[in-house]
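A closer look at the structure
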Amino acid sequence: MSKREKQAIGQQILAAFRAAGAQEVAPDILLEAETLLDLYGEDIRARAYVTQDPIRGEMMLRPDFTVPVVQMHMANGAEPARYCYLGEVFRKQDHGETRPEHPRDNEYLQAGFELFARDPDADAEVFALFHDILAPLRLQATMGDMDLLMDAVRALPLSGARRAALLHHIWRPRRFARLLARFAAPAESREFPDNPAPWTGLRSADEMQARIDRLRSDVAEAPLSAQWVTRLERLFAISAPAPEALRQLRILSAEIPDIAEAVDRLERNLTALSARGIDVGAIRFDASHGRHTMEYYDGMTFSFAALGREDWPPVASGGRYDALAAVLGQARGRSIPAVGGIIRPGLVHELGGLS
Amino acid sequence: MIRLGVPSKGRLMEQTFDWFAARGVRLSRAGSEREYAGRVEGAANVALVLLSAGEIPRELQAGRIHLGVTGIDLIREKLAGWRSHVEELAPMGFGHADLILAVPACWSDCETLDDFAAIARDFRAEHGFRLRIATKYHRLVRAWLSAEEVADYQLVDSQGATEGTVANLTAEAIADITSSGETLRANHLKVIGEPVLQSQATLLRSVAAGDEGEVRDFAALLGI
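Residues numbered from 1 in each chain as written. Chains lettered and ligands numbered in written order. Predicted model: local features only at pLDDT ≥ 70, side-chain atom pairs only at ≥ 80, totals over all residues.

- By the naming in an unreviewed UniProt entry, chain A goes by ATP phosphoribosyltransferase regulatory subunit and is assigned to Paracoccus kondratievae.

Thoughts on the overall build of chain A
- Tallying secondary structure elements over chain A gives 14 helices and 12 strands in all.
- Over its C-alpha trace chain A gives a radius of gyration of 22 Å, about what one expects of a compact globule, namely 20 Å for 355 residues.
- Principal axes of the C-alpha set define a box for chain A whose edges measure 70 × 60 × 45 Å.
- Contacts spanning at least 24 positions in sequence make up 71% of the contacts within chain A whose residues lie at least 6 apart. (Helix = DSSP H or I, 4+ residues; strand = E, 2+ residues; numbered from the N terminus. Rg over C-alpha atoms; globule rule 2.2 N^0.38 Å. Contact = placed C-beta atoms within 7 Å.)

Things to note about the overall build of chain B
- The number of helices and strands found in chain B is seven helices and 12 strands.
- Looking at chain B residue by residue over its 224 residues, the buried ones come to 40%.
- Taking contacts inside chain B between residues at least 6 apart in sequence as the whole, the part at least 24 apart equals 67%. (Buried ≥ 20, exposed ≤ 12 C-beta atoms within 10 Å, placed from the backbone.)

Re the domain arrangement of chain B
All names here are of chain B.
- Structurally, chain B comprises domain 1 (2–96 + 201–221) and domain 2 (97–199).
- Distance from the C-alpha centre of domain 1 to the C-alpha centre of domain 2: 31 Å.
- Counting residues at the interface gives seven residues for domain 1 and nine residues for domain 2.
- Per-element accounting of the side of domain 1 that touches domain 2 gives the leading share, four residues, to helix 3 (residues 72–78).
- Classifying every residue of the side of domain 1 that touches domain 2 by side-chain character gives one nonpolar, three polar and three charged. (Domains from an automatic or database assignment. Nonpolar A, V, L, I, M, F, W, Y, C, P; charged D, E, K, R; others polar.)

Quick notes on the packing of helix 6 (residues 146–154) of chain A against helix 7 (residues 160–168) of chain A
Residue and element names in this part refer to chain A.
- Running from N to C, helix 6 and helix 7 point in directions that differ by 160°, and their axes come no closer than 9 Å. One element, helix 6, and the other, helix 7, form an angle in the roughly antiparallel class. Like other packed secondary-structure pairs, helix 6 and helix 7 cross with a definite hand, here right-handed. For the pair helix 6 and helix 7, contact is made by Met150, Val153 and Arg154 and by Arg163, Leu166 and Leu167, respectively. (Axes fitted to C-alpha atoms, helices over the stretch in contact; angles between N-to-C directions. Parallel < 35°, antiparallel > 145°, perpendicular 65-115°, else oblique. Left-handed = near helix turned anticlockwise from the far one by under 90°.)

Overview of the interface of chain B and chain A
- Facing 31 residues of chain B, the contacting portion of chain A comprises 29 residues.
- Contributions of two or more residues to the side of chain B that touches chain A are made by helix 4 (113–127), helix 5 (138–147) and strand 9 (153–157) of chain B.
- Sort the elements by how many residues they give to the side of chain B that touches chain A and helix 4 of chain B lands first, with six residues.
- Grouping the constituent residues of the side of chain B that touches chain A by class yields 15 nonpolar, six polar and 10 charged.

Quick notes on the domain arrangement of chain A
Residue and element names in this part refer to chain A.
- Here the domain parsing of chain A yields domain 1 (1–139 + 310–355) and domain 2 (144–192 + 206–305).
- Relative placement of domain 1 and domain 2: their C-alpha centres are 26 Å apart.
- Contact with domain 1, which involves 22 residues of that partner, is made by 17 residues of domain 2.
- Elements with a minimum of two residues in the side of domain 1 that touches domain 2: helix 5 (122–134), strand 11 (316–320) and helix 13 (322–329).
- A total of seven residues in the side of domain 1 that touches domain 2 trace back to one element, the largest contributor, which is helix 5.
- When its residues are assigned to classes, the side of domain 1 that touches domain 2 shows 13 nonpolar, five polar and four charged.

Things to note about the environment of A:Gly57
- Summarising the element assignment, A:Gly57 is placed in strand 4 (residues 57–61).
- Sequence separation between A:Gly57 and A:Arg138 is 81 residues; the distance between their C-alpha atoms is 45 Å.

Examining the packing of helix 11 (residues 242–253) of chain A against helix 12 (residues 260–275) of chain A
Residue and element names in this part refer to chain A.
- Close contact between helix 11 and helix 12 brings their axes to 10 Å; oriented N to C, the two are set at 160°. With respect to helix 12, the axis of helix 11 lies roughly antiparallel. You can see that helix 11 and helix 12 cross each other, and the crossing is left-handed. Only Ala260, Val263, Leu266, Glu267 and Leu270 of helix 12 make contact with helix 11, whose side of the interface consists of Ala242, Leu246, Leu249, Arg250 and Ser253.
- Split into classes, the residues belonging to the contact of helix 11 with helix 12 amount to seven nonpolar, one polar and two charged.

Remarks on the sheet that holds strand 7 (residues 97–104) of chain B
All names here are of chain B.
- One open sheet holds the five strands; their spatial order is 9-8-10-7-11, and the pairing between them is mixed. Of all strands in the sheet, those with a lone pairing partner are strand 9 and strand 11 (189–199), marking the two edges. Averaged over all adjacent pairs, the angle separating strand axes in this sheet is 25°, with direction ignored.
- Of the pairings in the sheet, the one linking strand 7 to strand 11 comprises seven bridges and is antiparallel in character. When the sheet's bridge partners are listed, Val103 is paired in strand 11 with Lys190. (Pairing = 2+ DSSP bridges.)

Considerations on the UniProt feature "binding site: L-histidine" (unreviewed entry) in chain A
Residue and element names in this part refer to chain A.
- This chain's UniProt record puts "binding site: L-histidine" (unreviewed entry) on Asp64, Phe65, Thr66, Arg91, Gln110, Glu114, Arg291, Tyr296 and Tyr297.
- Here Asp64 lies in the loop between strand 4 and helix 4 (66–76).
- Positionally, Gln110 belongs in strand 6 (residues 107–116).
- C-beta crowding within 10 Å serves as the criterion here: with 22 such atoms nearby, Gln110 is assigned to the buried category.
- With sequence-adjacent residues up to four places away left out, Gln110 is seen in contact with Phe65, Gly87, Val89, Ile342 and Arg344. (UniProt positions renumbered as here; feature names shortened; annotations may be inferred.)

Digging into the sheet that holds strand 5 (residues 67–71) of chain B
Residues and elements named next belong to chain B.
- On the basis of which strands lie adjacent, the open sheet formed by five strands has the order 4-1-5-12-6 and mixed pairing. Whereas interior strands pair on both sides, the edge strands pair on one side only; in this sheet they are strand 4 (46–51) and strand 6 (86–91). Averaged over all pairs of adjacent strands, the angle between their axes in this sheet comes to 30°, without regard to strand direction.
- With five bridges joining them, strand 6 and strand 12 (residues 201–206) adopt antiparallel strand pairing. Note on strand 12: the bridge partner recorded for Pro91 is Thr202.
- Running at roughly 55° to strand 1 (residues 2–7), helix 7 (residues 212–221) makes contact with strand 1, strand 4, strand 5, strand 6 and strand 12 of the sheet.

A short note on the nonpolar core
Residue and element names in this part refer to chain A.
- By size, the foremost hydrophobic cluster in this structure holds 85 residues, and its most contacted members are Phe130 and Ile343.
- Broken down by element, the residue count for this core peaks at eight residues, all from helix 5.
- Domain assignment of the residues forming this core places at least three in each of domain 1 (1–139 + 310–355) and domain 2 (144–192 + 206–305).
- Residue contacts for Ile343: discarding those within four places in its chain leaves Ile13, Ala111, Phe130, Ile133, Val315, Ala316 and Val348. (Core = buried A, V, L, I, M, F, W, Y, C linked by C-beta atoms within 7 Å.)

This is the structure in C-alpha cells:
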C-alpha cells in the first residue's frame, strides 16, 4: 500500500475537517519530552521514540498531536477554535515475550480535529463529524463517559482521602478494584514499627508521618456498604445500544442521584445526534470505554472500530480532555474545555477508502 | 561448526567451565589470560567464543553464535520479543540474582507494592514531579510496573553504584540486581514486594543461527 494513497485519503479527511470550519495547523515533529512525560507518565517511554538534543535536552518524536495542538491554542488561539491536522505519528511496538508475525507500523498518518469551546453541543459536534466522515465504512461506534464514572465515585459515602485514591486510579482497573475491595472491608489496624535505619532520600519523615496519620484515621472509617459496591459495579458494566444504556442509567440514577446530571448530558448528546440524522440505536454505549484509553480523557470518549478486525486498533478515536487542556493552559493562565479525535487514514485505506 | 558463546571473565566464566566439565566437555582459554580465544575438548565441531556477558544476548539474536551462556535478566532486558530469538535449553544453577525494587529502610509505612503506589502518588503531589526509580533495567521494570498498574513514577538511568542514588538525592527508589542484599543494607535500603525477575545463568540456543540438528546433538551430549 503506497504512502501516496494514504496521503490522498488523509487529504480527503482533512478537507472534511476544513469544511467543518477547522483551521489547518502543522505542529513540530520533535517535541520536548518533559511535557509529555509529565502528562503521560513513564509508560509513554515504552511507546514513543526518545532522542537526545545537545541543547534542547530530551526530545520525543511526536507520539500524538493533542499536546502540541493544545499548546499552540493556549499560546495564541481565539475562542472558540477548531483545528485540524494531518501528519505522521511515531510509536514503538515494544512487544512482550514473542515478536508478532505482523508488527504494526511504527510511523503512520493521523488526521485529527480538535475543538476548543464552552458550547455544551461540542461533544455532539465532534462525534457527528467523525460519524459522517466514516459512514461509508460501516464501523462500530462506541461511546463512553469518564465524567459519569467519576461522578459516581465522587458520590460514594467515603472520606476525602479514600475518594481521591479511587478517582486517581480509575484508569487502572485492577488497582481500582483492589482499593474498592479494601474500602468495603473492615479496616485492619496496622503497626508501623520504629525503624533503626537512618533517614535517607528526599521523601521526608513528615511526609511519611502524614501518610501514617491518614492510614490510622482510615481505620476508624466504616466500610463501604456492599450496596454501594454493587451500584458501582452495575454502572461500570453497562454496555448496550445507546438508547437502552440510557434507560439503564436512568434506573441507576435513582440510586446514585449524583450521576443524574451526567445522564442528562448523555441524553442531550444523543438527542443532538438524532437531530443531525444519526441513528443512535447503532451506537454502543459502554460505561467503561474510557477506562481503557489514554488517561487524559475525562468526559465523553468515542471510538470507531472495524467489524471483524479485532486485532486492529480503532480506525478513529477521541474524546473530551478538559483537565489536560487546563494543565497545559495553566502556565498562560488560560483554561478552556476541549474535545477532539483522530482518524487513521492507513486503516481507512485498508478498508477500501471513503468513496 | 557450532559456536558456543561464554562469558569471558570472572566467576561466571569459571562456573560455566565447571558446568560443562561436569558434563564431559572441557572448555579452556587458549594461551594467556589476556587472550579471548578458547579450546574445547570432549566434543567435536564446537568452537568456544569468549564474550562479555552483556554482549551475548545481541550475538544470539544476530545468530553469530549458536549457543550462549548469560543471565536471563540480560536476555529479557535486551531482546524485545526474546522468545522469538532464543530458546532456553537449561538453567545452569549458578549466577543467581533477583531484580528487585528497593526503597529507603526508614520508610516504615512501605511494605508492599500497594504502599509504594500510594507513596508515589503522595510524593508527586508534594514535590511536583514523579517519584524517581534509578535502574539500568528500563524495559523490565517499566513493563512490570505497568502490569502491576503502578503510576506516578519515572525511571532515571543508572549504570552503576545504583544503591547510592537515594542518599545522593537523585532517586527515591532503585530497581537493581541483588544476590545477597548486603549492598542494599549498607545503603539503608530494603526490598519491597516480590522480585521483578529471578535470574540465573542459562544456556540458550539462538533461533537465527540455525543448524538446529547439530545443536541438539551437542545438547544431547551434555545430557539436556
